[in-house]
Amino acid sequence: MAQRSFWKGYLKLSLVTCAVSMTPALSESEKVRFHTLNRKTGNRVVSRYIDSGSGKPVAEDEAVKGYPRGDDEYVMLDDDELEAVALESTRTIDIETFVPIDSIDWIWYDRPHYLTPDDKVGEEAYSVIRDAMAATNTGGIARVVMYRRERAVLLKPHDNGIVVWTLRYGDEVRDGASHWPDLSKNKPDQKLLRLVSQLIDERTRPWDPSMAEDPVQDKLLDIIAAKKKGRKRPAARKSEPAPPTNVINIMDALKKSIASEKRTKGR
């Protein structure tokens, strides 16, 4: 069953406008979730805001945001003050510019969303924008209020539709150059390079979603099912990690790895 849209508004490019709806491309609804309980009573535990000075509960309408300006000093901001800095229109994705898709590094991508036309009238405008981006290998950059904050977004053609990626803020992305080792003076041996390429070839498979399955999820469901039936699951045995091998000769290690791969395939 199709997921309900969580955002409805308009897609706008110059004078071209069409009604659209947006749905998160990711879902965690199937994940096992737990409530925190009082072991003695079995009742759920309720979270409450507590004043750190008086120790008394704080009413929801008395809780405000605070920006620290010193030790135990804050600039308080109300919701209406925070909302005042948002975009004038929270329901229009106005494409401001286009960029080559390949020019945006993966690290800027945050959350994906499916953008679809919301009525028959807007399908033609939606299709024209989507097909033009696909033909030029470009994506549209716009700004929109999502998750209560103004976000830069990338509109990217995908299959027969458009995916809207929220983009990370500039201060969230760290430059990777300071983290990588300097390998410019350490060129790999060509024989080693060929052996590693052969090992990669031996292990190359078509992508399958099962490669990203969560094994912990299935184990948790097994434990829950056993407890429902009044059974206790045996305690899991902790497996000791295999001791590391002291690799002296990389060439010998790669040859052994390739031979092992071939034996595994031959079974």
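The structure under discussion appears in the preceding block.
Anyway, here's the lowdown on the structure attached to this text. Here the structure is a predicted model, which is why all the values come from computation and not from measurement.

With that out of the way, let us pick up the pairing of strand β4 (residues 73-77). As a general feature of sheets, a regular strand has side chains that alternate between the two faces. In this sheet, β4 lies alongside strand β3 (residues 65-70) in antiparallel orientation, the contact comprising five bridges. Paired with G70 across the strands is E73, a residue of β4. Where β3 hands over to β4, the hairpin turn is made up of two residues, of which D72 adopts a positive phi near 55 degrees.

This part is about a negative patch on the surface. A cluster of acidic residues, D78, D79, D80, E81 and E83, forms a negative patch on the protein surface. Residue D79 is classed as partly exposed on the basis of its relative accessible area, which comes to 44%.

Right, let's talk about unusual backbone geometry for a bit. A positive phi angle, close to 55 degrees, is found at S14, a residue other than glycine. For S14, the position within the fold is in the loop between β1 (7-13) and β2 (16-24). Notably, N137 is not glycine yet its phi reads approximately 55 degrees, a positive angle. Of note, N137 is situated in the loop between α2 (123-136) and β8 (138-146).

A full pass over the atoms with the stated rule returns eight salt bridges. Across the salt bridge formed by D118 and K8, the nearest N and O atoms sit 3.8 Å from each other. Residue D118 is found in the loop between β7 (109-117) and α2, and its partner K8 is found in strand β1; the two are separated by 110 residues along the sequence. For D118, a relative accessible area of 36% corresponds to the partly exposed category. On the basis of relative accessible area, K8 is assigned to the partly exposed category, the value being 46%. Several salt bridges converge on common partners, so that one network encompasses D110, R151 and R168.

Parameters at a glance
- Residues numbered from 1 in each chain as written.
- Predicted model: local features only at pLDDT ≥ 70, side-chain atom pairs only at ≥ 80, totals over all residues.
- Heavy atoms only, no water.
- Pairing = 2+ DSSP bridges.
- Helix = DSSP H or I, 4+ residues; strand = E, 2+ residues; numbered from the N terminus.
- Patch = residues over 30% accessible without salt bridge, like charges linked within 9 Å, V, L, I, M, F, W, Y side chains within 5 Å.
- Areas by Shrake-Rupley, 256 points an atom, 1.4 Å probe, with all protein chains shown as cover.
- Salt bridge = Lys/Arg side-chain N within 4 Å of Asp/Glu carboxyl O.
- Lys, Arg positive; Asp, Glu negative; His and termini not counted.
- Charge placed at Lys NZ, Arg CZ, Asp CG, Glu CD.
- Buried < 20%, exposed > 50% of the residue type's maximum accessible area, 1.4 Å probe, protein only.

Fair warning: the whole summary comes from geometry, so function is off the table for now.
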